[in-house]
Amino acid sequence: MAALAAVAGAFAYVGAVDPNEPGHYPVCPLFRFTGILCPGCGGLRSAHAFIHGDLVTALGANAAAVAGYLVFAVGIVYWLARAARGLPVRITLPPVWWWSAGALLAVFSVVRNLPFGSALAP
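Residues numbered from 1 in each chain as written. Predicted model: local features only at pLDDT ≥ 70, side-chain atom pairs only at ≥ 80, totals over all residues. Heavy atoms only, no water.

Enquirer: Could you clarify how one ought to interpret the overall build of the chain in this entry?
Expert: Counting secondary structure elements, the chain contains six helices and zero strands. For the chain, the succession of helices and strands along the chain, N to C, is α-α-α-α-α-α. Judged by the C-alpha coordinates and their principal axes, the chain covers about 50 × 35 × 25 Å. Residues counted as buried form 20% of the 122 residues belonging to the chain. When contacts within the chain are restricted to residue pairs at least 6 apart in sequence, those whose partners lie at least 24 apart make up 51%. About 8,300 Å² of surface is accessible on the chain, with carbon and sulfur atoms providing 74% of the total. (Helix = DSSP H or I, 4+ residues; strand = E, 2+ residues; numbered from the N terminus. Buried < 20%, exposed > 50% of the residue type's maximum accessible area, 1.4 Å probe, protein only. Contact = heavy atoms within 4.5 Å. Areas by Shrake-Rupley, 256 points an atom, 1.4 Å probe, with all protein chains shown as cover.)

Enquirer: In this structure, what is going on with the layout of surface pockets? I would like to understand it.
Expert: Any empty space left between atoms is shown by rolling a water-sized probe over those atoms. Roughly 620 Å³ of internal volume is contained in the largest pocket. Every residue lining the largest pocket is counted, 18 residues in all, and those nearest its centre are Ala67, Gly68, Val71, Trp98 and Ala101. At the level of elements, α5 (63-84) and α6 (95-112) are the ones that each hand at least two residues to the lining of the largest pocket. The dominant element in the lining of the largest pocket, judged by the number of residues it contributes, is α5, at seven residues. Looking at side-chain class alone, the lining of the largest pocket contains 14 nonpolar, four polar and no charged residues. Of the pockets and cavities examined, the second largest pocket occupies roughly 400 Å³. Surrounding the second largest pocket, 19 residues form its lining, Pro19, Pro26, Val27, Cys28 and Arg45 being those nearest its centre. No other element matches helix α3 (residues 43-51), which puts three residues into the lining of the second largest pocket. Looking at the lining of the second largest pocket, its residues break down into eleven nonpolar, six polar and two charged. (1 Å grid on protein atoms, 1.4 Å probe; cavity = no way out; pocket = protein on both sides within 12 Å on 5 of 7 lines; lining within 4 Å. Points joined across faces, edges and corners; volume = space filled by probe spheres on them. Nonpolar A, V, L, I, M, F, W, Y, C, P; charged D, E, K, R; others polar.)

Enquirer: What should I look at first to understand the packing of α3 against α5 in this one?
Expert: When two helices pack together, you describe them by how their axes are tilted relative to each other and by the distance separating the axes. The interhelical angle for the contact between α3 and α5, taken along N-to-C directions, is 55 degrees, at an axis separation of 9 Å. Between α3 and α5, the interaxial angle falls into the category oblique. Of the two possible hands of crossing, α3 and α5 adopt the one that is right-handed. Seen from α3, the contacting residues are Gly43, Ser46, Ala47 and Phe50; seen from α5, they are Ala65, Val66, Tyr69 and Leu70. Its residues placed into classes, the contact of α3 with α5 shows six nonpolar, two polar and no charged. (Axes fitted to C-alpha atoms, helices over the stretch in contact; angles between N-to-C directions. Parallel < 35°, antiparallel > 145°, perpendicular 65-115°, else oblique. Left-handed = near helix turned anticlockwise from the far one by under 90°.)

Keep in mind these numbers describe shape, not what the thing actually does.
What follows is the structure, given as structure tokens:
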């Protein structure tokens, strides 16, 4: 419950304090010093748009972050449903899932930094 409260608090803060306004959040250090977009670049703008119900803008800012929000939401619902029934709560995934997620994030990071992948850039 503490993790859920922390995530809800963070989302509430990002929903209240617009990351599109300069000076509210720090700049991504990787982007600032190299000009390369990391997998998280645009995540705050994506969260802000997602909270305000603008899914198209959220996907445009960071599609991987939106997928992460949805995966987290499904995981929390699963966890809460099992906990409410008194069932053991253990979410385990085989290593292939973790490697696949990492590979997808790596491909996403590379493609969004190439000219043909500019639609994935924030």
